[in-house]
Amino acid sequence: MKNLKPFLVISLCLLAINSYSQSGTIADAFSKSYASEKKSDYKGAATLLKTVYDKSSYEINLRLGWLTYKAGAYAESESYYQLAINLKPGAIEARLGYIYPAYALGNMNEVVEQYTKTLIIDPQNTTANYEMGLIAYNKKDYQVAYKYFDKVVTLYPFTYDALIMLAWSNYQLGKKDTATVLFNRVLCLSPNDSSAVEGLSLIKK
């Protein structure tokens, strides 16, 4: 048994060295991929990460999802983001990332699905609420749009994008007094804002 101890120590040391070396290689690949991305060489950046690809790595799949999207390989991007989602289903960043290639491919059902699942995980997520509001507004479903925009404005009362859309949602619903207040609030945030000025002019007619 005594003879086994040196062997065990050596084995553990070799395992630690190998693990450190592998980790260093992955970190190096990430570092080089960032340098390539900075030069807008997204395909090259993705290729660098593929040399250390590990299907069970959330981080590599997430990064490859982004790089392949930027390279215009949208279907490939979706597959990497989906792998990241499968590895960490409670994470939001992979779901929001998936939306980029899905939108580029015109897969609006998938876009809505990921925003919906994001809101199940985090009902207060401002990105998902705002984007779902836009989708509803563009469908002229102003009541649903109002619900989403109102949630964002409740969290961030003086933020332009949600505030102007909440004002327009109220206008479309015939709530002109509330819309007037909101359009004027927008003007405090963005003086002479063309959208707010247009809204107020329509109300005065």
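Let us look at the structure shown here.

Scoring rules and cut-offs
- Residues numbered from 1 in each chain as written.
- Predicted model: local features only at pLDDT ≥ 70, side-chain atom pairs only at ≥ 80, totals over all residues.
- Heavy atoms only, no water.
- Helix = DSSP H or I, 4+ residues; strand = E, 2+ residues; numbered from the N terminus.
- Buried < 20%, exposed > 50% of the residue type's maximum accessible area, 1.4 Å probe, protein only.
- Areas by Shrake-Rupley, 256 points an atom, 1.4 Å probe, with all protein chains shown as cover.
- Salt bridge = Lys/Arg side-chain N within 4 Å of Asp/Glu carboxyl O.
- Expected span 1.5 Å × (residues − 1).
- Contact = heavy atoms within 4.5 Å.
- Polar contact = N/O pair within 3.5 Å; in protein donor to acceptor, adjacent residues only side chain to side chain.
- Phe/Tyr/Trp six-rings, centres within 6.5 Å; stacked < 30°, edge-to-face > 60°.
- Lys NZ or Arg CZ within 6 Å of the ring centre and 35° of its normal.
- Axes fitted to C-alpha atoms, helices over the stretch in contact; angles between N-to-C directions.
- Parallel < 35°, antiparallel > 145°, perpendicular 65-115°, else oblique.
- Left-handed = near helix turned anticlockwise from the far one by under 90°.
- Nonpolar A, V, L, I, M, F, W, Y, C, P; charged D, E, K, R; others polar.

### Section: the overall build of the chain
Along the chain, the regular secondary structure elements total 11 helices and 0 strands. Here the chain, with 205 residues, has 37% of them falling under the buried criterion. By element, 57% of the accessible surface of the chain is carried by carbon and sulfur atoms, the whole surface being about 12100 Å².

### Some words on the pattern of salt bridges
A complete count under the given rule lists 4 salt bridges for this structure. Glu76 serves as the salt-bridge partner of Lys50, at 2.9 Å between the closest nitrogen and oxygen. Taken as a pair, Lys50 in helix H2 (residues 42-50) and Glu76 in helix H4 (residues 74-87) lie far apart in primary sequence, 26 residues in all.

### Quick word on helix H7 (residues 126-138)
With 13 residues, H7 extends 18 Å between its outermost C-alpha atoms, agreeing within 8% with the 18 Å of an ideal straight helix rising 1.5 Å per residue. Where H7 is buried, its residues touch helix H6 (108-121), helix H8 (142-155) and helix H9 (160-172). Regarding H7, its N-cap is Asn125, as a side-chain oxygen of that residue lies 3.2 Å from the backbone nitrogen of Thr127 further along. The first or second residue beyond H7 is Lys140, which carries a positive phi of 65 degrees.

### Description of the packing of aromatic side chains
One pass over the structure, following the stated rule, counts 10 aromatic pairs. Ring centres of Trp168 and Tyr171 lie 5.5 Å apart, and the angle between their planes is 85 degrees; this geometry places the pair in the edge-to-face category. Pair noted here: Trp168 and Tyr171 are both in helix H9, with a separation of 3 residues, about one helical turn. For Trp168, a relative accessible area of 10% gives the class buried. One aromatic cluster is present, built from ring pairs that chain together Trp66, Tyr69, Tyr74 and Tyr100. A cation sits over an aromatic face here: Lys88 above Tyr58, 5.7 Å from the ring centre.

### A word on the packing of H9 against helix H11 (residues 194-204)
Close contact between H9 and H11 brings their axes to 11 Å; oriented N to C, the two are set at 15 degrees. As summarised for this structure, H9 and H11 are arranged roughly parallel, according to the angle between their axes. Helix-helix and strand crossings are classified by hand; for H9 and H11 the assignment is left-handed. Where H9 abuts H11, its residues Tyr160, Ile164, Trp168 and Tyr171 lie against Ser195, Ala196, Glu198, Gly199, Leu202 and Ile203. Partitioned by chemical class, the residues of the contact of H9 with H11 number 7 nonpolar, 2 polar and 1 charged.

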